[in-house]
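Letter by letter, the chains look like this.
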Amino acid sequence: MSQYEIAHQLGTRFHAFLTAGDWGGIRSLLTDDATWTLPGDNTISGTAEGADAIVERAKKIASYGLRFELLHILVSRENMALSLHNTARRDDARLDEYLSTVCRLRDGKIASIETYLSDVPGMNAFFV
């Protein structure tokens, strides 16, 4: 399997596990020392350090009832990114954001994740 196919497969599996709430599946895709950085100033912002912390962050995000629509899986020579459209409603709060989740890969697993958002103020208002 080529490097591109491995990266694409990781992206497909990450999204599938996230939408299914398969936390063990997500954990299996990560290096033990993986990190995930999110912008903003809210309950999910900052850097989660370690695979277990990433899984806990994913659980927390999913607990807000998000719909994770996969738009594209993008691959580079060595890494991949997910292009997503996330939506949710909670009481009077509404989330409608586009994002790119850039994953750096190491030894066939995700070693770091950095998420880029279209609407950081909207994310701050939603994840209180």
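Preceding this paragraph is the structure being described.
This structure is a prediction, so every number in the text was calculated from the model and none was measured.

1. Some details on the overall build of the protein
Looking only at helices and strands, one finds 4 helices and 6 strands in the protein. Reading the protein from its N end, one meets helices and strands in the order α-α-β-β-α-β-β-β-β-α. For a compact globule of 128 residues, the expected C-alpha radius of gyration is about 14 Å, and the protein comes in at 14 Å, within 12% of that figure. Projected onto the principal axes, the alpha-carbon positions of the protein cover approximately 45 × 25 × 25 Å. Per-residue burial over the protein gives 44% buried out of 128 residues. Accessible area for the protein stands at about 6,700 Å²; split by element, carbon and sulfur atoms hold 48% of it. Charged side chains in the protein number 13 positive and 17 negative. The centres of these two groups are separated by 2 Å.

2. Points about the sheet that holds strand 3 (residues 67-75)
Reading across the sheet, the 6 strands line up as 2-1-6-5-4-3 and stay open at both edges, with mixed pairing between neighbours. For this open sheet the edge positions go to strand 2 (46-49) and strand 3, each flanked by a neighbour on one side alone. Neighbour to neighbour, the strand axes of the sheet diverge by 15° on average, direction disregarded. Helix 3 (residues 51-62) rests against strand 1 (30-38), strand 2, strand 3 and strand 6 (109-117) of the sheet, and its axis sits at about 45° to strand 1.

3. Examining the packing of aromatic side chains
Each pair of aromatic rings is reported with the distance of its centres and the angle of its planes. Counted under the stated rule, the structure contains 3 aromatic pairs. Seen in terms of ring centroids, F126 and F127 are 5.1 Å apart; in terms of plane orientation they differ by 80°. Their pairing is edge-to-face. With relative accessibility at 1%, the residue F126 sits in the buried group. What makes F127 buried here is its relative accessible area of 2%. Taken together, the aromatic side chains of Y64, F126 and F127 make up a single cluster linked through ring pairs. Above the plane of the ring of W36 lies R57, whose end atom (NZ or CZ) is 5.6 Å from the centre.

4. Some thoughts on the nonpolar core
Counting residues in each nonpolar core, the largest one holds 37 residues, and the members touching the most others are L30, L66, I110 and F127. Elements supplying a minimum of two residues to this core: helix 1 (3-20), strand 1, helix 3, strand 3, strand 4 (80-90), strand 5 (93-106), strand 6 and helix 4 (120-126). Ignoring sequence-local partners within four residues, the contact set of L66 consists of I61, N86, T87, A88, L95, F126 and F127.

5. Regarding the pairing of strand 6
As paired strands, strand 1 and strand 6 are joined by 4 bridges and run parallel to one another. Across the sheet, L30 pairs through a bridge with I110, a residue of strand 6. As paired elements, strand 5 and strand 6 share 8 bridges and run antiparallel to each other. When the sheet's bridge partners are listed, T101 is paired in strand 6 with T115. Connecting strand 5 to the antiparallel partner strand 6 that follows it, the hairpin turn spans 2 residues, and D107 within it adopts a positive phi of roughly 55°.

Reading the values: rules and limits
- All residue numbers refer to positions counted from 1 along the written sequence of the respective chain.
- It should be noted that, the model being predicted, local features are given only for residues of pLDDT at least 70 and side-chain atom pairs only at 80 or more, the latter also being counted only at that level, while totals for whole chains, interfaces and linings use all residues.
- To get the side-chain values, take all heavy atoms of the structure and skip hydrogens and water.
- Strands are runs of DSSP state E lasting at least two residues, helices are runs of H or I lasting at least four, and both sets are numbered from the N terminus onward.
- C-alpha atoms define the radius of gyration in this analysis, and the globule rule sets the expected value at 2.2 Å times the number of residues to the power 0.38.
- Each residue's exposure class comes from its accessible area (1.4 Å probe, protein chains only) as a fraction of the maximum for that residue type: buried when under 20%, exposed when over 50%, partly exposed otherwise.
- For the area figures, the Shrake-Rupley method with a 1.4 Å probe applies, and any residue is considered shielded solely by the protein chains shown.
- As used throughout, the charge tally considers Lys and Arg to be positive and Asp and Glu to be negative, leaving His and the chain termini uncounted.
- For the purpose of locating charges, the reference atoms are NZ of Lys, CZ of Arg, CG of Asp and CD of Glu.
- In this analysis, strands are considered paired if DSSP registers two or more bridges between them.
- Every angle, taken between N-to-C directions, lies between 0 and 180 degrees, and every axis is a line fitted to C-alpha atoms, over only the stretch in contact when it is a helix.
- In what follows, residue pairs with any heavy atoms lying within 4.5 Å of each other are defined as contacts.
- Aromatic pairing here means that ring centres of Phe, Tyr or Trp (its six-membered ring) are within 6.5 Å. Orientation follows from the plane angle: under 30 degrees is stacked, over 60 is edge-to-face, and everything else is tilted.
- Counted as over-ring charges are cases with an Arg CZ or a Lys NZ within 6 Å of the ring centre that also lie within 35 degrees of the ring normal.
- To define a nonpolar core, start from buried Ala, Val, Leu, Ile, Met, Phe, Trp, Tyr and Cys residues and group those joined through side-chain atoms within 4.5 Å.

That's the geometry; what it means functionally is another story.
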